[in-house]
Amino acid sequence: MNKKIILFISLFIATTSQAQLKKITLEDGVLQQGRKFGADKLTGFQWIPNSNKYVYYTDAWTKMVTATTTDAKTSELVTLSDINSALGTKLKNFFGVQWMDASTILVLENGNYFTYSLTSKTGKELLKTPEAAENLTFDKSNQLLAFTEANNLFFINKNKEKVTVTNNADKNIVSGQSISRNEFGISGGIFWSPKATFLAFYQKDETEVADYPLLDINETPGKLVSIKYPMIGQKSEKPKVGIYNLSSGKTVFIKPRNNADDYLTNLSWTPDEKFILIAELNRGQNDMCLNLYDANSGAFIKTLLNETSDKWVEPEHDAFFPNEKSNNFVWHSEKDGFQNLYYYSIDGKLIKKLTNNQFVTRDIIGANPAGTEIYFKATGPNPTNMLVYKVDLKGKQTLITKDEGVHNVAISSDYNWFFDEYSNHSTPSKSLLYNKSLKATTLLESKNKYDGYEMGTAEIKTIKAADGTTDLYTRLIKPSNFDATKKYPVMVYVYGGPHAQMITNSYLDGANLWMYWMAEQGYLVFTVDNRGSDNRGFAFESVIHGKCGTNEIEDQIKGVDYLKSLPYVDGNRLAIHGWSYGGFMTNSLMLRKPDAFKVGVAGGPVVDWKWYEVMYGERYMDTPTENAKGFEEASLLSYVKNLKGKLLLIHGTNDDVVVEQHNLSLVKKFVEAGKQVDYFPYPMHKHNVGGKDRVHLMTKVLNYIIENNK
C-alpha cells in the first residue's frame, strides 16, 4: 500500500479518535469526581456481626445486598422500600445504618430511631429524641442514648425517659460537646463506659472567651451573631471532665491539675470501668501527662507517662485497650520522631515498644478477640501510601495489604477476614478479600471512569528541599495533548501546612479533578508537599515551629526552581492558588518572594497569626509575648509594599475558622500602601465554599489566573 495512503489513514484514525473524546467540564471537575467519575466500589461495605457474611449497597444506596466469604455471589437482603413500608418511614438511603445484631439493623429518621428485623421483615420504633437534640451517642448496647440540647447534656434511659445530666442556665458552660475546637483528635464530647454504668463528658467554661461577631445578612436589618473565638495569647476556654453515675444520679468533675486553661483530651475508659485515662496538656503544648483517675470519685490516682518537647507535644489518640479483660493499654507517641505504638500496664510501666518504625503510624483499627494482635494503619516506607499492618504484643509486625496505595480495611468480628479497598496511581479502585493466611481474592476491580474523556497525566517525582537533603514529593499534571516542544504556563496549587498531605499514592494522586480541567486549558498544574506537611514525621513537620511561612516558602521556591529547569515551562507565567494555610502560603509567596509568581489567588488566608485560634496557633507559633519576632516575620501586613503581581483575595463572610478580619485587614494595608488588589467575598459561607457555589468559586479562581497570567 502506498506510504502516503497509510500515513493519511493513520492521521485520520488518530484525529477521529481524538475528536470522539468527551471534554470534562469545570462543573464536572468540581462536583463529579466522586459521583459520575467515582470508581466502582462495594459501597458502604459492612461485616454482619459475628458471621462470615457482609453487605454493601447498590442502586444509589437504596438496596442492601449480601454475600459470604465462601461465595461472593450476591443476593438482595433488603431494599429501602421494604423498610419504609414496614416502618412507615420515608428514608431516602441507607446512610448511617448500624447493626444491633446479626439480623437486626438500626436506622434513624428525623431524630427517631427504629429497629428492623431482616428475618421477620418487621420493625418498630426504638425511641424518639427531642427536636433540638444533637451529638446523639448510643452506649455499646444501643439501649441508652445520650445527646445535647443547647449547652446541656441528657440521655434517654431504658424506660424511654429523658434524664438530665447537666442543667446549666449559663450558656457559657457547655457540656457533652467537642472542646478545644476539635484539636488533639477530639471529635465528640460524650463517652459511655463499657457497661454504661457511667456517662463521662467534656465540659468547657467559655465565660472569659471573647465573643466574635459574624454578620447575618439574611436578616433585615442585618444581624450580628456572636461566636466564641479564643485568639492566640488571649483568654481561652477552661475544660473539665464530668463523670455521671447512672445509679446515684450524681456527677463528679475532673479539672486540669495545673492551670485552669490547660487541655484535657484523649479520654478513655478502662475495660473494667474502674478508671478513666485523660491526657492533660499544658497550654504551651510542650508538656503532656497521661493521668489515671478513679471513675467513682474522680480522684487523681497517678500520672502514667509524661512527654515533653522543646517544640510541641500533640496527643491525638486515646489509650487503646486490646483485651477486654485487661487494663493494659496501647499508647501512640512520636517521641522518637515518628508515631509508634507503646504497650503499657495500667500502673504506667512500659511493657513493650510494639512498633519501631521510621514511618508514621496513623490509627489503630482494632485488635483480634484474644487481644494479642493489633491492627493499624501506617504509611510504610513510602509516605504517600496508607497501608495496614498488624503487630503482636511481642512486637512482631506483619504487613497485611500487599499492594502499594491508599487502603481502607474492614475486618470481620472474628478477625479471620479482611476486606480491603484501595487505589493507587494506576488503579482506580480494587476490592479484595483476605483470609487469615493473607491470601487475597479479588471481589471487584473498577474500570477507569475517565476512559473516553480528554484527560491529562500526572508525574510523581521528588526534589530536594531548601535544606539540600530532604526529599519532597511533587505532582505535575500535564494536558492530554502535551507537547514537550512548547512552553506552558503553570498553576501551582499549595497547602503547605501541618495535618495535610496533597500528594498521595491514590488514583489521581490526591489531585482534584478540576486540576485536570485546568491542564486541558493549556496549563501545567504543580504541587509540592513542603516541609511542615503531614505523614513525614516530627522533624519534617516541626520546622515550622515559631516561624510559620519561612521554611515552607523556601521549599516552594525550590519547586519554582525545578519548574524553571524544565524546557517546556514558561518561567514568566507562573501562578499560585491555595486556601486556608494554602492562602497564607499564597500570600506569603506573593509578598515575600514577589518575583516568583505573576498571579496569586488566596482563599480564607491567615494573615497575622495573632488573630488565629489558641489551640492550633499556639502549638505552632507560641504567643506574641513569647515569640514577638516570629509573629512579626510571619505577618503578611509587613510585606504589602512588595506586591508586584496580580492578587485576588477571597473569603467567606461567616468564616468561623479563619475570621474575615485577616483578609479585611490585609486589604486595608494594601489601600494604605496604594497597592491595587482584587477582593471577592462569599456571603454567608464559612471557611470554605461548598455545594453548587463551589463551581462559582473555582470558576472565579481559575478564570482569574487564566486572564491575568498571559
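Keep in mind that what you see is a predicted model, and the values were worked out from it rather than measured.

Cut-off values and rules
Residues numbered from 1 in each chain as written. Predicted model: local features only at pLDDT ≥ 70, side-chain atom pairs only at ≥ 80, totals over all residues. Heavy atoms only, no water. 1 Å grid on protein atoms, 1.4 Å probe; cavity = no way out; pocket = protein on both sides within 12 Å on 5 of 7 lines; lining within 4 Å. Points joined across faces, edges and corners; volume = space filled by probe spheres on them. Nonpolar A, V, L, I, M, F, W, Y, C, P; charged D, E, K, R; others polar. Salt bridge = Lys/Arg side-chain N within 4 Å of Asp/Glu carboxyl O. Buried < 20%, exposed > 50% of the residue type's maximum accessible area, 1.4 Å probe, protein only. Helix = DSSP H or I, 4+ residues; strand = E, 2+ residues; numbered from the N terminus. Pairing = 2+ DSSP bridges. Axes fitted to C-alpha atoms, helices over the stretch in contact; angles between N-to-C directions. Contact = heavy atoms within 4.5 Å. Parallel < 35°, antiparallel > 145°, perpendicular 65-115°, else oblique. Phe/Tyr/Trp six-rings, centres within 6.5 Å; stacked < 30°, edge-to-face > 60°. pLDDT = per-residue confidence, 0-100. Left-handed = near helix turned anticlockwise from the far one by under 90°.

**Q** Is there a simple way to explain empty space enclosed by the protein in this structure?
**A** In this approach the atoms are scanned with a rolling probe the size of a water molecule, which exposes any empty space left behind. A complete count under the given rule lists 1 cavity of 30 Å³ or more for this structure. In this structure, the largest cavity spans a volume of roughly 50 Å³. Taken together, P383, T384, Y473, Q501, I503, D529, S533, D534, R536 and F540 form the lining of the largest cavity. Taken together, the residues of the lining of the largest cavity sort by class into 4 nonpolar, 3 polar and 3 charged.

**Q** Would you take a moment to explain the pattern of salt bridges for this structure?
**A** Think of it this way: side chains of opposite charge can pair up when their charged atoms draw near. Following the criterion strictly, the structure yields 31 salt bridges and no others. Here K63 makes a salt bridge to D59, at a shortest N to O gap of 3.7 Å. We classify K63 as partly exposed; its relative accessible area is 23%. With its nearest N and O atoms 3.3 Å apart, the salt bridge here joins E314 to R619. Here E314, found in the loop between β23 (300-308) and β24 (329-333), pairs with R619, found in helix α8 (residues 614-621); they are 305 residues apart in sequence, far enough to count as distant. Overlapping salt bridges, with partners in common, bring together D59, K63 and E76 in one network.

**Q** For this particular structure, what's the right way to read the pairing of strand β39 (residues 569-579)?
**A** Regular strands place side chains that alternate from one sheet face to the opposite one. With 8 of its 11 residues buried, β39 lies for the most part within the structure. Across 6 bridges, strand β37 (residues 488-494) lies against β39 in parallel orientation. From the neighbouring strand, Y493 faces β39, where its bridge partner is H577. Examined bridge by bridge, β39 and strand β40 (residues 599-603) share 5 bridges and lie parallel to one another.

**Q** Just to check I follow, could you spell out the sheet that holds strand β32 (residues 418-424) for this structure?
**A** Strand pairing in a sheet relies on backbone hydrogen bonds. The paired strands run either parallel or antiparallel. Here we have 4 strands laid out as an open sheet, ordered β31-β32-β33-β34, and antiparallel in their pairing. Bordering the open sheet on either side are β31 (406-411) and β34 (440-445), each of which pairs with just one other strand. Each strand axis lies, on average, 20° off the axis of its neighbour in the sheet, ignoring direction. Pairing of strand β33 (residues 427-434) with β34, which is carried by 5 bridges, proceeds in the antiparallel orientation. Its bridge partner being in β34, L433 is matched across the sheet by T441.

**Q** Before we go on, may I ask you to explain the sheet that holds strand β6 (residues 104-109) in this structure?
**A** One open sheet accounts for 4 strands, arranged β5-β6-β7-β8; its pairing is antiparallel. A single partner strand is all that each edge strand has here, and the edge strands are β5 (98-101) and β8 (123-128). When strand polarity is set aside, the average angle formed by the axes of neighbouring strands in this sheet is 30°. Here 6 bridges tie β6 to strand β7 (residues 112-117), and the two strands are oriented antiparallel to one another. From the neighbouring strand, I105 faces β7, where its bridge partner is Y116. Against the sheet, helix α3 (residues 80-87) engages β6, β7 and β8, with an angle of about 110° to β7.

**Q** Honestly, the packing of helix α6 (residues 550-565) against helix α7 (residues 581-592) in this entry has me stumped. Any pointers?
**A** Geometry of a packed helix pair, given as the angle between the helix axes and the separation of the axes. At a minimum axis separation of 10 Å, α6 and α7 run at an interaxial angle of 70°. Of the possible angle classes, the one that applies to α6 and α7 is roughly perpendicular. Residues T550, E552, I553, Q556 and I557 of α6 form the contact with α7, whose own contacting residues are Y581, M585, S588, L589 and R592. Class assignment of the residues belonging to the contact of α6 with α7 gives a composition of 5 nonpolar, 3 polar and 2 charged.

**Q** Where do I start with helix α4 (residues 513-520) in this structure?
**A** Quick reminder: α-helices carry 3.6 residues per turn. Residues three or four places apart thus point the same way. Counted residue by residue, α4 has 7 buried out of 8 residues, so it is predominantly covered. Those residues of α4 that fall on the buried side of the exposure criterion are L513, W514, M515, Y516, W517, M518 and A519. Directly beyond the C-terminal end of α4, a positive phi value near 95° is found at G522.

**Q** Would you mind going over the layout of surface pockets with me for this structure?
**A** Computed from the structure, the largest pocket encloses a volume of approximately 1600 Å³. Taken together, 47 residues line the largest pocket, and the ones lying closest to its centre are K140, W192, D318, F320 and F321. The residue inventory of the lining of the largest pocket, partitioned by class, reads 20 nonpolar, 19 polar and 8 charged.

**Q** Just to check I follow, could you spell out the packing of aromatic side chains for this structure?
**A** Any two aromatic rings considered together are summarised by their centre-to-centre distance and by the angle between their planes. In total, this model carries 41 aromatic pairs according to the counting rule given. A ring pair is formed by F45 and F419, whose centres lie 3.7 Å apart and whose planes are at 5°; its orientation type is stacked. Residue F45 is found in the loop between α2 (26-31) and β1 (46-47), and its partner F419 is found in strand β32; the two are separated by 374 residues along the sequence. Owing to a relative accessible area of 12%, F45 belongs among the buried residues under this scheme. Under the relative-accessibility criterion, F419 is labelled buried at 5%. Judged by centre distance (5.0 Å) and plane angle (55°), the rings of F680 and Y682 are tilted.

**Q** Explain the confidence of the model for the protein chain to me, please; I cannot follow it from the model alone.
**A** Mean pLDDT over the protein chain: 96, with 97% of residues reaching 70 or higher. Here residues 3-17 is a poorly scored stretch, pLDDT under 50, and it has 2 contacts once near neighbours within four places are set aside; other chains count.

**Q** Can you walk me through the packing of α4 against helix α11 (residues 693-708) in this structure?
**A** Running from N to C, α4 and α11 point in directions that differ by 30°, and their axes come no closer than 12 Å. By the angle between their directions, the pair α4 and α11 is classed as roughly parallel. Viewed along their axes, α4 and α11 form a crossing whose handedness is right-handed. Counting all contacts with α4, which are made through W514, W517 and M518, the residues of α11 involved are M698, L702, I705 and I706. Class assignment of the residues belonging to the contact of α4 with α11 gives a composition of 7 nonpolar, no polar and no charged.

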